[in-house]
Amino acid sequence: MLTSKRAQFSLPPQVSYLNCAYMSPLHKDVEKAGIRALRGKRNPVLIAADDFFRDSDALREAYASLIHADDPKRMVIIPSVSYGMANVVKNLSIGKGQHILVVAEQFPSNYYPWKTLCDEQGAELHIVVPPQDYSDRGKRWNEYILDAINTNTRAVAIGHVHWADGTLFDLQAIRKRTREVGALLIIDGTQSVGALPFDVQQIQPDALICAGYKWLLGPYAIGLAYYGEYFDNGKPIEENWINRKDSENFAALVNYQNDYQPGALRYEVGEHSNFIGVPMLLTAIRQLNKWQPERIQEYCRNISREAVNALREKGFIIEEEAWRGAHLFGIRLAPGMDGEKIKQNLLKYKVYVSFRGNAIRVSPNVYNTPHDFQRLVKALTSI
Ligand SMILES: Cc1ncc(COP(=O)(O)O)c(C=O)c1O
């Protein structure tokens, strides 16, 4: 079982940071990797052609291992989720009468691309809304999703958990249903991959897109995408030199090539060698591979259990364990509770969470301890 990793981060001692879903704090080794990399440009003589490829290849391998994928060449460096999704949408045509399926209040970078695609091609965007009451909400919402998938579904675009309240989506059941009707499954893993196990071989998504600065513990403006076989002969949203065959040979770059690099590398962002971001994200993901997402999940469940029980007893509404993340969950107020006072109290106790929709979003990680949750309970209940 994991123990607290707080000493490996530089969070101020008085702060209870329960907001990794907003942005992770910086792991000390990731910080060191970034500073080392920044200094690397002092003397470009020391940056060789090989350096354009080595760390990004290592990053692909580390990420493939994290998500249990067998081909690192399907791991693609992207600057943002919207970029990764743009590659998906560019390679997807949809007919009139067909639809894309998303869930209610999905993160905008996994909503607008689909809205635009449907508007442009005269198709429909179907939004599966959750039940209006909170009894068995997660379980019933999942049932609604499965019921909404039919032979007119072109793709389901969804997270593994809902970004605002951590509702867990049963990707295996959704994959099974999408296969039955011939629909694609596109996943935004930003709020789960790193802290919640994800197995590409088990789920077999068509694409998995993930920002790096939250549960992957990386810096901002670098993330990772996995593209499955559906995208093998597709068109990338940009054409850059390094994604073409033989780009390792700098002297021959203008022997223009028709072919791309293997796997999904055609979809990689220009300047993906990103000499600062790549070593930082690589250090972070190697660390996650040591900690392991299942153990992070277990750790988050253990440190939050008492607080969850105490808050439920006081009337706060929290989804059942089976239908939410342990690393990300929503707390909803019972009628009559004063949301504004609660916000002030959280600030007073220096407990950092987010407010998303009608939920207080709590998102712990390995640097948190039961003490942070005790402060959370105090802030929410001592009014
Ligand atoms: C579910 C989800 N997807 C994506 C993002 C970030 O999107 P982008 O990388 O396009 O800025 C966030 C940020 O909060 C998110 O919560």
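Draft legend 1. Region of the structure containing the packing of helix α9 (residues 293-313) against helix α11 (residues 370-381). Two elements in contact, α9 and α11, have axes separated by 8 Å at closest approach and are oriented at 15°. In this view, α9 runs roughly parallel relative to α11, as classed from their interaxial angle. In this structure, the crossing between α9 and α11 has a hand that is right-handed. Along its contact with α9, which presents Ile303, Ser304, Glu306, Ala307, Ala310 and Leu311, the element α11 presents Pro370, Phe373, Gln374, Leu376, Val377 and Leu380. Taken together, the residues of the contact of α9 with α11 sort by class into nine nonpolar, two polar and one charged.

Draft legend 2. Up close: helix α5 (residues 137-148). Taking 1.5 Å as the rise per residue, α5 with 12 residues should run 16 Å; its terminal C-alpha atoms sit 16 Å apart, in good agreement. Of the positions making up α5, those classed as buried are Arg137, Gly138, Trp141, Asn142 and Ile145. Buried positions in α5, seen along its axis, are confined to an arc of 135° and lie on one side of it. Buried residues in α5 make contact with β3 (99-103), β4 (124-128) and α6 (171-181).

Draft legend 3. Here's a closer look at the site of the ligand. If you check the shell around the ligand, you find Ser80, Val81, Ser82, Phe107, Ser109, Asn110, Gly159, Trp163, Asp188, Thr190, Gln191 and Ala211 and nothing else. For the shell around the ligand, the residue count by class is four nonpolar, seven polar and one charged.

Draft legend 4. Structural detail: the sheet that holds strand β9 (residues 329-331). In space, the three strands of this open sheet follow the order β9-β12-β11, with antiparallel pairing throughout. Each edge of the open sheet is held by one strand with a lone partner, namely β9 and β11 (354-356). Neighbour-to-neighbour, the strand axes of the sheet open up by a mean angle of 45°, direction not taken into account. Relative to strand β12 (residues 359-362), β11 is paired through three bridges, and the arrangement is antiparallel.

Basis of the calculations
Residues numbered from 1 in each chain as written. Predicted model: local features only at pLDDT ≥ 70, side-chain atom pairs only at ≥ 80, totals over all residues. Axes fitted to C-alpha atoms, helices over the stretch in contact; angles between N-to-C directions. Helix = DSSP H or I, 4+ residues; strand = E, 2+ residues; numbered from the N terminus. Parallel < 35°, antiparallel > 145°, perpendicular 65-115°, else oblique. Left-handed = near helix turned anticlockwise from the far one by under 90°. Contact = placed C-beta atoms within 7 Å. Nonpolar A, V, L, I, M, F, W, Y, C, P; charged D, E, K, R; others polar. Expected span 1.5 Å × (residues − 1). Buried ≥ 20, exposed ≤ 12 C-beta atoms within 10 Å, placed from the backbone. Arc of directions from axis to C-beta. Near = placed C-beta within 6 Å. Pairing = 2+ DSSP bridges.

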